[in-house]
Amino acid sequence: MTMTPQEVQQHFMAYLEATECTVIEKSPEHVTVKLSPQADKMLTNRPYYWGFVERTGAPAETLSFNFVFDPEKYDERLAKAEEAKAKTQLNAPAQDPLLARYYGNAPVLPILGPGRIQRENIGYGSSRLAQIWNASREEGKCVYLFQQRDAEPRPRGRSTPYEQWLGVCFKVEFSCDLKREELFFLGISLSSRAITEDFPAILHGRELTPRLPESVHVRPAALTLEQAVAALENHLINKLSKLDYDWAAKAKERLEDELMVIDGYYEDLLKEQDEEKKAQIEEQYKNRRSEMQWQYEPKVSLSAITCGLFHLCSPVGATS
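Within any chain, residue numbers begin from 1 and follow the written order of that chain's sequence. Totals for whole chains, interfaces and linings use every residue, but because this is a predicted model, local features are given only for residues with pLDDT of at least 70 and side-chain atom pairs only at 80 or more, for both listing and counting. Processing note: side-chain calculations cover all non-hydrogen atoms of the structure and skip hydrogens and water entirely.

A. Local environment of the overall build of the chain. Along the chain, the regular secondary structure elements total ten helices and eleven strands. Evaluated residue by residue, the chain yields a buried proportion of 31% over its 320 residues. Considering only contacts within the chain whose residues lie at least 6 apart along the sequence, 72% involve residues at least 24 apart. Taken as a whole, the chain presents about 21600 Å² of accessible surface, with 54% of it coming from carbon and sulfur. Only DSSP runs of H or I reaching four residues or more are called helices, and only runs of E reaching two or more are called strands; each is numbered from the N terminus. Type-normalised accessible area, obtained with a 1.4 Å probe on protein chains alone, sets the label of each residue: buried when under 20%, exposed when over 50%, and partly exposed for intermediate values. Any pair of residues with heavy atoms lying within 4.5 Å of one another is described as a contacting pair. Residue burial considers only the protein chains on display, and all accessible areas are found by Shrake-Rupley using a 1.4 Å probe.

B. Quick look at a negative patch on the surface. Together, E272, D274, E275, E276 and E282 make up a negatively charged patch on the protein surface. Relative to the helices and strands, E276 resides in helix 10 (residues 275-296). Residues enter patches when they are more than 30% accessible in relative terms and free of salt bridges; like-charged ones are connected within 9 Å and nonpolar ones (Val, Leu, Ile, Met, Phe, Trp, Tyr) within 5 Å. Salt bridges are defined as contacts in which a side-chain nitrogen from Lys or Arg sits within 4 Å of a carboxyl oxygen from Asp or Glu. Charged residues are defined narrowly, with Lys and Arg counted positive, Asp and Glu counted negative, and His plus the chain ends left uncounted. In this description, the location of a charge corresponds to atom NZ of lysine, CZ of arginine, CG of aspartate or CD of glutamate.

C. Expanded view of the packing of aromatic side chains. Planes of paired rings set the category: under 30 degrees apart is stacked, over 60 is edge-to-face and the rest tilted, where pairs are Phe, Tyr or Trp rings (Trp by its six-membered ring) whose centres lie within 6.5 Å. Across all of its chains, the model carries 13 aromatic pairs by this definition. Aromatic pair F12 and F69: ring centres 5.6 Å apart, planes at 75°, arrangement edge-to-face. Taken as a pair, F12 in helix 1 (residues 5-18) and F69 in the loop between strand 3 (64-68) and helix 4 (71-91) lie far apart in primary sequence, 57 residues in all. Look at F12 and you get buried, because its relative accessible area is 0%. Given the relative accessible area of 8%, F69 is considered buried. Seen in terms of ring centroids, Y266 and Y285 are 5.4 Å apart; in terms of plane orientation they differ by 55°. Their pairing is tilted. With Y266 in helix 9 (residues 246-266) and Y285 in helix 10, this pair connects stretches of sequence that are 19 residues apart.

D. Molecular detail of the pairing of strand 2 (residues 30-34). With four of five residues buried, strand 2 is to be regarded as a mostly interior element. Any two strands with at least two DSSP bridges between them are considered paired. In the sheet, strand 1 (residues 22-27) pairs with strand 2 via five bridges, with the strands oriented antiparallel. Paired with K26 across the strands is V31, a residue of strand 2. Where strand 1 folds back onto strand 2 in an antiparallel hairpin, the turn is made up of two residues.

E. Fine view of helix 8 (residues 225-241). The terminal C-alpha atoms of helix 8, which comprises 17 residues, lie 24 Å apart, in line with the 24 Å expected from a rise of 1.5 Å per residue. Close packing links the buried residues of helix 8 with strand 6 (160-175), strand 7 (179-189), strand 8 (195-196) and strand 11 (299-313). In this analysis, the expected span of each helix is defined as 1.5 Å times one less than the number of residues it contains.

F. Just helix 9, in detail. Relative to the 30 Å expected for 21 residues at 1.5 Å per residue, helix 9 spans 31 Å between its end C-alpha atoms, a close match to the ideal helical length. If you check which residues of helix 9 are buried, you get W247, A248, A251, L255, L259, I262 and Y266. Considered in projection along helix 9, the buried side chains sweep an arc of 110° and stay on one side of the axis. Opposite its buried face, helix 9 presents the exposed residues E253, M260 and V261, each directed more than 90 degrees away. Elements in contact with the buried residues of helix 9: strand 6, helix 10 and strand 11. Arc definition: it is the arc formed by the directions from the helix axis to the C-beta atoms.

G. Quick peek at the environment of L223. Along the chain, L223 falls in the loop between strand 10 (216-218) and helix 8. Assessed through its relative accessible area of 11%, L223 is described here as buried. On a C-alpha basis, the gap between L223 and S192 in space is 8.8 Å, while along the polypeptide they are 31 residues apart. Excluding residues within four positions of it along the chain, L223 makes contact with I188, S189, L190, R193 and A228.

H. Examining the sheet that holds strand 4 (residues 118-121) more closely. Spatially, 1-2-3-4 is the arrangement adopted by the four strands of the open sheet, whose pairing is mixed. Looking along the sheet, the strands with just one partner apiece sit at the ends: strand 1 and strand 4. Across this sheet, the average inter-strand angle for adjacent strands is 20°, counted without regard to direction. Note on geometry: axes are lines fitted to C-alpha atoms, helical ones only across the stretch in contact, with angles between N-to-C directions running from 0 to 180 degrees. Of the strands in this sheet, strand 1, strand 2 and strand 3 are in contact with helix 1, which crosses strand 2 at around 15°.

Structure follows, in structure tokens:
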């Protein structure tokens, strides 16, 4: 898998916007931003500084970065700007005439900038992009979103009923000496208790926002979040129990073969007369068997990767 520079830039800008960073300067090749406190904490690795700010209540000073998405074009544009600036300085008077009259010629002082802004080239495979993906994955594990209100006309004074859905993306890992992973994105309505095995299809085409739209109300929930999670887990476990587990039976056969090889190898060694040597051999024998069982024993593990509480618009005729 790879990404085009345009896709990298879109992902990067989406993160900066989501974390409310302040854009200082922007062009098709770069963006200069002052990080928000949230982004600064995640990206700059300054735990002692932020610990000091939180303990003392001192005003936080976040860092600024110049992120460059197309270094070649950006450097070319900088070179042209520097060239134009040099020509302007050559044509400008070298000394203020009024100051020169009274104080003689004085060197022109440099123009000080707002502060040091570190430049970083951003591309597919760059460490900063990987850091942003990790931060997004960490902070986006749980979301709380509302669907934008539809444009369908409703009677005056009647608010739009919203239905709460809990969506969970589960990762199921089937492992023995081989390994396979599958994702299941399930959703359950907290009002109707209905479960869908293709929750992305429910979300498809809906515009979601973290802010509650106007003139809407949320239908009462018949399930708590704990009950909804338990219902989804039970549904998935029941679904997994109906799968073909021939791979597990074959893994157990391979395990028995490996254990027979180990038993045959240590059969004579365990007859050692020296008690100290025998104890070492027995320990080694147990460790080898334990390793084989860990490697070949079939296992099915279930974990939640991401989850979210989604408030989705109910049909117009739905009762609230």
